[in-house]
Amino acid sequence: MSWRLAVDAQRCMGSGICAGVAPDHFVLDDDTSRPVAGSTAPDELVLDAADSCPAMAIAVFDGAREIGPRP
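Residues numbered from 1 in each chain as written. Predicted model: local features only at pLDDT ≥ 70, side-chain atom pairs only at ≥ 80, totals over all residues. Heavy atoms only, no water.

Participant: Sorry, what's going on with helix H2 (residues 44-52) here?
Facilitator: Since one α-helical turn is 3.6 residues long, residues separated by three or four positions face the same way. Here H2 has its buried residues at Val 46, Leu 47, Ala 49 and Ala 50. In an axial view of H2, the angular spread of the buried residues amounts to 155 degrees, which keeps them on one side of the axis. Regarding H2, its N-cap is Asp 43, as a side-chain oxygen of that residue lies 2.9 Å from the backbone nitrogen of Leu 45 further along. (Buried < 20%, exposed > 50% of the residue type's maximum accessible area, 1.4 Å probe, protein only. Helix = DSSP H or I, 4+ residues; strand = E, 2+ residues; numbered from the N terminus. Arc of directions from axis to C-beta. Polar contact = N/O pair within 3.5 Å; in protein donor to acceptor, adjacent residues only side chain to side chain.)

Participant: I tried to follow the pattern of salt bridges on my own but got confused; where do I start?
Facilitator: For side chains of opposite charge, pairing can occur when their charged atoms come near one another. Going through the model one piece at a time under the given rule, you end up with five salt bridges. For Arg 70, the salt bridge identified is with Asp 48, shortest N-O distance 2.9 Å. Residue Arg 70 is located in the segment after strand S6 (65-68), and its partner Asp 48 is located in helix H2; the two are separated by 22 residues in the primary sequence. Given a relative accessible area of 33%, Arg 70 falls into the partly exposed group. Taking the shortest distance from any N to any O, the salt bridge between Arg 65 and Asp 62 comes out at 3.9 Å. Relative accessible area serves as the criterion here: at 54%, Arg 65 is assigned to the exposed category. Counted as one network, the salt bridges with shared partners bring together Glu 44, Asp 48, Asp 51 and Arg 70. (Salt bridge = Lys/Arg side-chain N within 4 Å of Asp/Glu carboxyl O.)

Participant: What exactly am I supposed to notice about the nonpolar core here?
Facilitator: Note on soluble globular proteins: their nonpolar side chains tend to be buried together. Formed by 17 residues in total, the largest nonpolar core has its most connected members in Trp 3, Val 7, Phe 26, Ala 57, Ile 58 and Val 60. Residue assignment for this core shows that the elements contributing at least two residues are strand S1 (3-7), H2 and strand S5 (58-62). With four residues, H2 is the largest single contributor of residues to this core. (Core = buried A, V, L, I, M, F, W, Y, C linked by side-chain atoms within 4.5 Å.)

Participant: How do you make sense of the pairing of strand S2 (residues 26-29) when you look at a structure like this?
Facilitator: On a regular strand, each side chain points to the face opposite its neighbour's, so the side chains alternate between the two faces of the sheet. Sheet analysis places S2 next to strand S3 (residues 32-35), joined by four bridges and oriented antiparallel. Bridge pairing in S3 links Leu 28 to Ser 33. Hairpin connection between S2 and S3: a loop of two residues separates the two successive antiparallel strands, and Asp 30 in this loop has a positive phi of roughly 60 degrees. (Pairing = 2+ DSSP bridges.)

Participant: Got a minute to help me understand the environment of Trp 3 in this structure?
Facilitator: For Trp 3, the location among the structural elements is in strand S1. A sequence separation of 62 residues divides Trp 3 from Arg 65, and the C-alpha atoms of the two residues are 9.8 Å apart. Setting aside its immediate chain neighbours within four residues, Trp 3 contacts Gly 38, Ser 39, Thr 40, Pro 42, Asp 43, Val 46, Leu 47, Val 60, Phe 61, Asp 62 and Ile 67. (Contact = heavy atoms within 4.5 Å.)

Listed below in structure tokens is the structure:
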């Protein structure tokens, strides 16, 4: 089982919080963040990064179901 990660480049404001919270999963390229890989093994840090994003630009999917950011 793996989770798919996506960053909406139009919404991302490049705060770097995601890369700080989950550096194995997110990096900053120029002024936006991107996932290191398109998918990852389940990791609570990925959900924490999605929850912490001030622009709500990160989405985490388990199959077709969006599980992050959490409400």
